[in-house]
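Working through the structure, step by step
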Amino acid sequence: MSSEDWRLYGFAPVPRDPDVLFKDHPTASGPNPKQDLFVADDFPLPDTPLIREVRAFAQRELDEQTFNHSNRVFIYGSALVKTHFPEWKYNETPTAVETYALSCLLHDIGTAEKFLATTHMSFEFKGAIVARDLILSLGGPESEADSVCDAIIRHQDIFVKGGNITMVGQVLQLATILDNVGLRANLIHPRLIETTTAKFPRKGWSEHFARVIEKELTLKPWCHTTTFEVPNWKAGVQSNFATDVRGNEVMRPFD
């Protein structure tokens, strides 16, 4: 394991809890956080052979709504970092940008029809293994594959308060929850949301993803998604997570 890999592939440790991350933050705290005027085209996917191969794989295996969500997550996360965390040197580190892009494209691959109902594993864990294997099979660096795998495994650890997470993992969490339930959407400019949803339409994403949540809960009542639910959740109990996703008022005008 190279001592420089953590710098190259987004392993830098940052607080896991966003309340800690944003406490007294100079641009992200308070009632009027900074909103840089970006549009979707400001954040294209890196044009690398690995990204092209993985993008093609994701587009082939995912339904259109999930593929579009994955692209929106890349845009929202990239904007969040550029505005609020320039000290992370994300935009100045092409390998970190590529690692984040790979994580976005593959973070929900475990929900694909090929994988969701063909394993007893929670979708994040199965998807992380699929992603790591894919990147290695395409000749990607092992450290990059590991960073993507780690970020995907942890991308729904929303209720973990202590400790740290990788930079890539934190950005992935912030961007997915922003797109899924509208949390902290005030950290990016409304124009970015408008242009991103125009470029990668939601097409009813809130209802679509809520049904994916309910499907996995039904198939695997032990799955990691139950961490969003009441203790000892059982089939037949309304999903809190699905309810929150359906109640995404920020994104409702674009659904």
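All of these numbers come straight from a predicted model, not from anything done at the bench. Residue indices follow the written sequence of each chain, beginning from 1 at its first position. The predicted nature of this model means local features are confined to residues of pLDDT at least 70 and side-chain atom pairs, given and counted, to a pLDDT of 80 or more, with totals for whole chains, interfaces and linings taken over all residues. Calculation of side-chain values draws on the structure's entire complement of heavy atoms; hydrogens and water are dropped beforehand.

**Some details on the overall build of the protein chain**
Here is the rule we go by: By the criteria applied, helices consist of DSSP H or I runs no shorter than four residues and strands consist of E runs no shorter than two, each listed in order from the N terminus. Atoms considered for the radius of gyration are the C-alpha atoms alone. The globule rule reads 2.2 Å times the number of residues to the power 0.38. Each residue is assigned to one of three classes by its accessible area relative to the maximum for its type, calculated with a 1.4 Å probe on protein chains only: buried under 20%, partly exposed between the two thresholds, exposed over 50%. A contact between two residues is defined here by any heavy atoms of the two lying within 4.5 Å. All accessible areas in this document rest on Shrake-Rupley with a 1.4 Å probe, and a residue is counted as covered only by the protein chains that are shown.
Each helix and strand counted, the protein chain has twelve helices and two strands in total. Expected size for 255 residues packed as a compact globule is a radius of gyration near 18 Å; at 17 Å, the protein chain falls within 12% of this value. When the backbone C-alpha atoms are referred to their principal axes, the protein chain occupies close to 45 × 45 × 35 Å. Out of the 255 residues belonging to the protein chain, those deemed buried represent 55%. Sequence-distant contacts, at least 24 apart, represent 77% of the contacts inside the protein chain between residues at least 6 apart. Summed over its atoms, the accessible surface of the protein chain is roughly 11,300 Å², and 55% of this surface lies on carbon and sulfur atoms.

**Observations regarding the packing of aromatic side chains**
In plain terms, the rule: In this scheme Phe, Tyr and Trp rings, the latter by its six-membered ring, pair at centre separations within 6.5 Å, and the angle between planes marks the pair as stacked below 30 degrees, edge-to-face above 60, and tilted otherwise.
Under the definition given, this model contains nine aromatic pairs. Ring centres of Phe209 and Phe241 lie 5.9 Å apart, and the angle between their planes is 90°; on these two criteria the pair is classed as edge-to-face. Taken together, the positions of Phe209 in helix 11 (residues 205–219) and Phe241 in helix 12 (residues 240–246) put the pair 32 residues apart, joining distant regions of the chain. Of the residues examined, Phe209 reaches a relative accessible area of 3% and is grouped as buried.

**With respect to a nonpolar patch on the surface**
Keep this limit in mind: Two distance rules govern patches: like charges are joined within 9 Å, and nonpolar side chains (Val, Leu, Ile, Met, Phe, Trp, Tyr) within 5 Å, applied only to residues with over 30% relative accessible area and no salt bridge. A pair is scored as a salt bridge if a Lys or Arg side-chain nitrogen falls within 4 Å of a carboxyl oxygen belonging to Asp or Glu.
On the surface, a cluster of nonpolar side chains totalling about 220 Å² of accessible area is made up of Met121, Phe125 and Ile129. Assignment of secondary structure puts Phe125 in helix 7 (residues 123–137).

**Considering the environment of Arg55**
With respect to the secondary-structure elements, Arg55 resides in helix 3 (residues 49–61). Of the residues examined, Arg55 reaches a relative accessible area of 31% and is grouped as partly exposed. C-alpha separation for the pair Arg55 and Val81, spaced 26 residues apart in sequence, amounts to 22 Å. The contact partners of Arg55, leaving out residues within four places of it in the chain, are Leu45, Phe67 and Leu105.

**Looking at helix 5 (residues 94–106)**
Short version of the rule: By this rule, a helix spans an expected 1.5 Å times one less than how many residues it contains.
Taking 1.5 Å per residue as the helical rise, helix 5 with its 13 residues ought to reach 18 Å, and the 18 Å between its terminal C-alpha atoms agrees with that figure. Within helix 5, eleven of the 13 residues are buried, which leaves the element mostly enclosed by the surrounding structure.

**Regarding the nonpolar core**
Here is the rule we go by: Among the buried residues, those of types Ala, Val, Leu, Ile, Met, Phe, Trp, Tyr and Cys that are joined through side-chain atoms within 4.5 Å form a nonpolar core.
The biggest cluster of nonpolar side chains holds 60 residues, and the ones touching the most others in it are Phe74, Tyr100 and Leu106. Elements represented by at least two residues in this core include exactly helix 3, helix 4 (64–84), helix 5, helix 7, helix 8 (142–153), helix 9 (167–181) and helix 10 (190–199). With residues up to four places along the chain from it excluded, the contact list for Phe74 reads Phe43, Pro44, Leu45, Pro46, Tyr90, Val97, Tyr100, Ala101 and Cys104. Ile158, Ile177, Leu217 and Trp233 belong to the second largest nonpolar core, which has 14 residues in total.

**Structural notes on the pattern of salt bridges**
Throughout the structure, instances matching the rule amount to 20 salt bridges. With its nearest N and O atoms 2.9 Å apart, the salt bridge here joins Arg72 to Asp179. Taken as a pair, Arg72 in helix 4 and Asp179 in helix 9 lie far apart in primary sequence, 107 residues in all. A single burial state applies to Arg72 and to Asp179, both of which are buried. Where Arg154 meets Asp157, a salt bridge forms, and the shortest distance between an N and an O atom there is 3.8 Å. As far as the burial class goes, Arg154 and Asp157 line up, both buried. Within the structure, one salt-bridge network assembled from shared partners comprises Asp17, Asp19, Lys161 and Arg184.

Without other data, these values stay purely geometric and don't point to any function.
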